[in-house]
Amino acid sequence: MQHMSIYGIFIVHGLIDIMTSHRIPLPPGLDYLSAIAAMSWYGQSFSYHAHMHGKEMVEQTIHTVPIGVMYMTAIAGVMELLNPGLFVAAVARIFGFLLLGTWFFQAAFVLYLPYPWPGSDRNPNWDQTDAGNVNFIVASFGYHMIMNSIIITAVYLLCYAYLRIRGEGGRNQFRRLDVDCPEESGCQFKPLLSSSSRSSSSS
């Protein structure tokens, strides 16, 4: 039932995203609010699930390790909602979603067999009570963080190189495509260090 409620909230968030991308009139920020609600309930539900009695160590670890990232992603969504031009918040939100996505691919294969139906039978190749497997799961989460950091950095560098080739990289601003607002309203990603702050710090 917990998983069904998680899926339901994310389905609602996906539908809101689709409607927002098609410019269907919706209350401002509803896409962010639905993402924040989904991630918050995600973390809360997984916290309850991990601390239920009778859960084996590997399953507890798989459900416990990503809880902090879920709440971090929700907080990043709140910050981005309040300030759409905050580049760090946008990157943190994207990193959180990407990290959780790759992590649960691995979690599914550790806990269950992919046949005859995903999630129908436990995976006998993983001893759910082995402390060595628990340590491996914790280390794997760190490797997922490294891998996704590399992916985000590579995408950023490719976009930056593309903008430089087009002669637009020097402005240090990236126009948001998911926020419907005029150019002069400031809905652009702001550089981490503006030219004024750099000059003041150097002086």
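Up top is the structure.
Residues numbered from 1 in each chain as written. Predicted model: local features only at pLDDT ≥ 70, side-chain atom pairs only at ≥ 80, totals over all residues. Heavy atoms only, no water.

## Some words on the overall build of the protein chain
Alright, step 1. Assigned secondary structure in the protein chain consists of 7 helices and 2 strands.
Alright, step 2. When the helices and strands of the protein chain are read in sequence order from the N terminus, they spell out α-α-α-α-α-α-β-β-α.
Alright, step 3. Classification of the 203 residues of the protein chain by burial places 33% in the buried group.
Alright, step 4. Taken as a whole, the protein chain presents about 12,500 Å² of accessible surface, with 69% of it coming from carbon and sulfur. (Helix = DSSP H or I, 4+ residues; strand = E, 2+ residues; numbered from the N terminus. Buried < 20%, exposed > 50% of the residue type's maximum accessible area, 1.4 Å probe, protein only. Areas by Shrake-Rupley, 256 points an atom, 1.4 Å probe, with all protein chains shown as cover.)

## Some points on helix α4 (residues 67–82)
Alright, step 1. Between the first and last C-alpha of α4 there are 23 Å, a value that for 16 residues agrees with the 22 Å anticipated at 1.5 Å per step.
Alright, step 2. Turning to α4, its buried residues are Ile67, Val69, Met70, Thr73, Ala74, Ala76, Gly77 and Glu80. (Expected span 1.5 Å × (residues − 1).)

## A look at the pattern of salt bridges
Alright, step 1. Following the criterion strictly, the structure yields 2 salt bridges and no others.
Alright, step 2. Note that Arg93 is salt-bridged to Glu80, the shortest N-O span being 2.4 Å. Residue Arg93 is located in helix α5 (residues 87–111), and its partner Glu80 is located in helix α4; the two are separated by 13 residues in the primary sequence. (Salt bridge = Lys/Arg side-chain N within 4 Å of Asp/Glu carboxyl O.)

## Considering the nonpolar core
Alright, step 1. Within the largest apolar cluster, 23 residues are counted, with the highest numbers of intra-cluster contacts made by Tyr42, Phe46, Ile62, Met70 and Phe104.
Alright, step 2. Contributing elements (two or more residues each) for this core: α2 (30–50), α3 (57–64), α4, α5 and α6 (131–165).
Alright, step 3. No other element matches α5, which puts 8 residues into this core.
Alright, step 4. Leave out the neighbours within four places in its chain, and Phe46 touches Ile6, His63, Ile67, Met70 and Phe104. (Core = buried A, V, L, I, M, F, W, Y, C linked by side-chain atoms within 4.5 Å. Contact = heavy atoms within 4.5 Å.)

## A short note on the environment of Val110
Alright, step 1. Position of Val110 among the secondary structure elements: in helix α5.
Alright, step 2. Residue Val110 is classed as buried on the basis of its relative accessible area of 2%.
Alright, step 3. Residues Val110 and Asn133, spaced 23 residues apart in sequence, show a C-alpha to C-alpha distance of 9.9 Å.
Alright, step 4. Not counting residues up to four positions away in its chain, the partners in contact with Val110 are Val58, Ile62, Asn123, Trp126, Gln128 and Ile137.

## Overview of the packing of aromatic side chains
Alright, step 1. In the structure shown here, the tally under the stated rule is 5 aromatic pairs.
Alright, step 2. Judged by centre distance (6.5 Å) and plane angle (85 degrees), the rings of Phe10 and Phe97 are edge-to-face. Remark: Phe97 occurs in helix α5 and Phe10 occurs in helix α1 (residues 2–21); sequence separation between them is 87 residues.
Alright, step 3. By relative accessible area, which is 28% here, Phe97 ends up partly exposed. (Phe/Tyr/Trp six-rings, centres within 6.5 Å; stacked < 30°, edge-to-face > 60°.)

## Digging into the packing of α5 against α6
For any two helices packed against each other, one specifies the inter-axial angle together with the distance between the axes.
Alright, step 1. The geometry of α5 relative to α6 is characterised by a closest axis approach of 9 Å and an angle of 135 degrees between their N-to-C directions. It follows from the interaxial angle that α5 and α6 lie oblique. Both α5 and α6 take part in a crossing whose hand is right-handed. Residues Phe87, Val91, Ile94, Phe95, Leu98, Leu99, Thr102, Trp103, Gln106 and Val110 of α5 touch α6, and the partners they reach there are Phe136, Ile137, Ser140, Phe141, His144, Met145, Met147, Asn148, Ser149, Ile151, Ile152 and Tyr156.
Alright, step 2. Across the contact of α5 with α6, the residue classes tally to 16 nonpolar, 6 polar and no charged. (Axes fitted to C-alpha atoms, helices over the stretch in contact; angles between N-to-C directions. Parallel < 35°, antiparallel > 145°, perpendicular 65-115°, else oblique. Left-handed = near helix turned anticlockwise from the far one by under 90°. Nonpolar A, V, L, I, M, F, W, Y, C, P; charged D, E, K, R; others polar.)

## Some remarks on unusual backbone geometry
Alright, step 1. A positive phi is found at Arg23, a non-glycine position, where the angle reads about 60 degrees.
Alright, step 2. In this structure, Arg23 sits in the loop between α1 and α2.

## Let's talk about α6
Alright, step 1. Taking 1.5 Å per residue, 35 residues should reach 51 Å; α6 reaches 51 Å between its end C-alpha atoms and fits that length.
Alright, step 2. Residues Asn133, Val134, Ile137, Ser140, Phe141, His144, Asn148, Ile152 and Leu163 constitute the buried set of α6.
Alright, step 3. The N-cap of α6, judged by a side-chain oxygen 3.1 Å from the amide nitrogen of Gly132 a few residues on, is Asp130.
Alright, step 4. Directly beyond the C-terminal end of α6, a positive phi value near 80 degrees is found at Gly167. (Polar contact = N/O pair within 3.5 Å; in protein donor to acceptor, adjacent residues only side chain to side chain.)

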